[in-house]
Amino acid sequence: MTPASIDSVLELYSSFGNENYDEDVSQLAHALQCAALASRDGANEELIAAALLHDIGHLFEIQRNNGPDHQTDLRHEHAGAEFLRGLFPESVTTAIALHVEAKRYLAANELDYFDALSLGSKRSLEVQGGPFTAQESSAFLARKGSSDAVALRRWDDHGKVIDLAVPEFATWIPLLKRVSISE
Ligand SMILES: [Fe+2]
């Protein structure tokens, strides 16, 4: 895989962003809604960048398979974090790497969290290992960056609104450049 650059990130979203994220929205719409929610909630720039790019690993799956793979857990969160390492600081890549574990944590520890998940997220939770045990939950909370990952997860769960008007990808490029550690 070629090392990540802002240009290669843009290229991935322009090539594969129109593919479905779930039943209702595209990968690009989902990414943009998550960034908009993070910004609305006053997140710092690193976390907004993480919200925007958290599912970039799905774009690799699409690139490889000609479509998202919902049956197997390809650990898109790690593929995404790995790709972005070197381009963005650890605060960004850790939030991305832990956003699936954050779902497993919330499903285990928040009443009603599971019920409120979209059908697609319920299905993927199963493939991803299901809700954490109490022991796994405490281990997760002890990890650096877990609270950012939980915040990211909440935007992730809400960034699925059909036809929501949000700022376009280009709006976030200056922020990505400021957050980047290599450009
Ligand atoms: Fe997501």
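Note that residues are indexed from 1 along each chain, following the sequence as it is written. Side-chain atom pairs in this predicted model are given and counted only at pLDDT of 80 or more, local residue features only at pLDDT of at least 70, and totals for whole chains, interfaces and linings cover all residues. Side-chain numbers here rest on the full set of heavy atoms in the structure, without hydrogens or water.

Looking now at the coordination of the iron ion. Each donor-metal-donor angle in an ideal tetrahedron of four donors is 109.5 degrees, and each such angle in an ideal octahedron of six donors is either 90 or 180 degrees. Water is not among the atoms examined, so metal sites may look incomplete; donors are the N, O and S atoms within 2.8 Å of the metal, or within 3.2 Å for Na, K and Ca. Of the protein atoms, only His 30 (NE2), His 54 (NE2), Asp 55 (OD) and Asp 156 (OD) coordinate the iron ion, at distances of 2.1 to 2.2 Å. A site with four donors is called tetrahedral when every donor-metal-donor angle falls between 85 and 135 degrees; four donors are called square planar, and six octahedral, when opposite donors sit more than 155 degrees apart and all other angles fall between 65 and 115; any other arrangement is irregular. With four donor atoms in place around the iron ion and angles of 79 to 172° between them, the coordination shape is irregular. Counting gaps between the donor residues of the iron ion yields the pattern H-x23-H-D-x100-D. With His 30 in helix α2 (residues 27-40) and Asp 156 in helix α11 (residues 146-158), this residue pair connects regions lying 126 residues apart in the sequence. You can call His 30 buried: its relative accessible area is 0%. Counting from the N terminus, the helices are the DSSP runs of H or I reaching at least four residues and the strands are the DSSP runs of E reaching at least two. Burial classes: relative accessible area under 20% of the type maximum marks a residue as buried, over 50% as exposed, and values in between as partly exposed (1.4 Å probe, protein chains only).

The next thing to look at is the nonpolar core. Think of a nonpolar core as a cluster: buried Ala, Val, Leu, Ile, Met, Phe, Trp, Tyr and Cys residues, connected wherever their side-chain atoms sit within 4.5 Å. Membership of the largest hydrophobic core comes to 41 residues, with the highest contact counts inside it found for Val 9, Leu 52, Leu 53, Leu 84, Phe 88, Phe 169 and Leu 176. Elements represented by at least two residues in this core include exactly α1 (6-16), α2, α3 (45-53), α4 (56-65), α5 (76-84), α6 (90-97), α11 and α12 (173-179). The leading source of residues in this core is α3, at seven residues. Residue contacts are counted whenever heavy atoms from the two residues lie within 4.5 Å of one another. For Leu 176, the residues in contact, after removing those within four places along its chain, are Ile 6, Ala 49, Leu 52, Leu 53, Phe 88 and Phe 169. Counting residues in each nonpolar core, the second largest holds twelve residues, with Tyr 105, Leu 106, Phe 132 and Phe 140 among its members.

We now examine the packing of α2 against α3. Running from N to C, α2 and α3 point in directions that differ by 160°, and their axes come no closer than 7 Å. Comparing their axes, α3 and α2 come out roughly antiparallel. The two elements α2 and α3 cross, and the hand of that crossing is right-handed. Between α2 and α3, the residues in contact are Ala 31, Leu 32, Cys 34, Ala 35, Ala 38 and Ser 39 and Ile 48, Ala 51 and Leu 52, respectively. A breakdown of the residues in the contact of α2 with α3 according to their chemical character gives eight nonpolar, one polar and no charged. Here, axes are lines fitted to C-alpha atoms. For helices the fit covers the stretch in contact, and angles between N-to-C directions go from 0 to 180 degrees. Between 65 and 115 degrees an angle is taken as roughly perpendicular, under 35 as roughly parallel, over 145 as roughly antiparallel, and anywhere else as oblique. Each crossing gets its hand from how the near helix is turned against the far one by less than a right angle, where anticlockwise is left-handed and clockwise is right-handed. Ten residues, namely Ala, Val, Leu, Ile, Met, Phe, Trp, Tyr, Cys and Pro, are considered nonpolar, four, namely Asp, Glu, Lys and Arg, are considered charged, and the remaining ones, Gly among them, are considered polar.

Bringing the packing of aromatic side chains into the picture now. Pairing of aromatic rings covers Phe, Tyr and Trp, the last through its six-membered ring, and needs centres within 6.5 Å; plane angles under 30 degrees mean stacked, over 60 mean edge-to-face, and all others mean tilted. What the rule picks out here adds up to four aromatic pairs. Between Phe 60 and Phe 83, the aromatic rings sit 4.9 Å apart at their centres with planes inclined by 80°, giving edge-to-face as the arrangement. Of this pair, Phe 60 sits in helix α4 while Phe 83 is found in helix α5, placing the two residues 23 residues apart along the sequence. A relative accessible area of 7% means that Phe 83 is categorised as buried. These aromatic residues form a ring-pair network of at least three members: Tyr 105, Phe 132 and Phe 140. Taking the ring centre of Phe 114 as reference, the NZ or CZ of Lys 122 above it sits at 5.6 Å. Counting as a charge over the ring demands two things of the Lys NZ or Arg CZ atom: a distance within 6 Å of the ring centre and an angle within 35 degrees of the ring normal.

As a further point, take α2. For α2, which comprises 14 residues, the first-to-last C-alpha distance of 20 Å matches the rise-based estimate of 20 Å (1.5 Å per residue) to within 8%. The buried count for α2 comes to ten of 14 residues, which makes it a mostly enclosed element. Within the sequence span of α2, burial applies to Gln 27, His 30, Ala 31, Leu 32, Gln 33, Cys 34, Ala 35, Ala 36, Leu 37 and Ala 38. Taken together, the buried residues of α2 touch α1, α3, α4 and α11. Immediately beyond the C-terminal end of α2, within one or two residues, lies Gly 42, with a positive phi of roughly 75°. A helix's residues, less one, multiplied by 1.5 Å, set its expected span.

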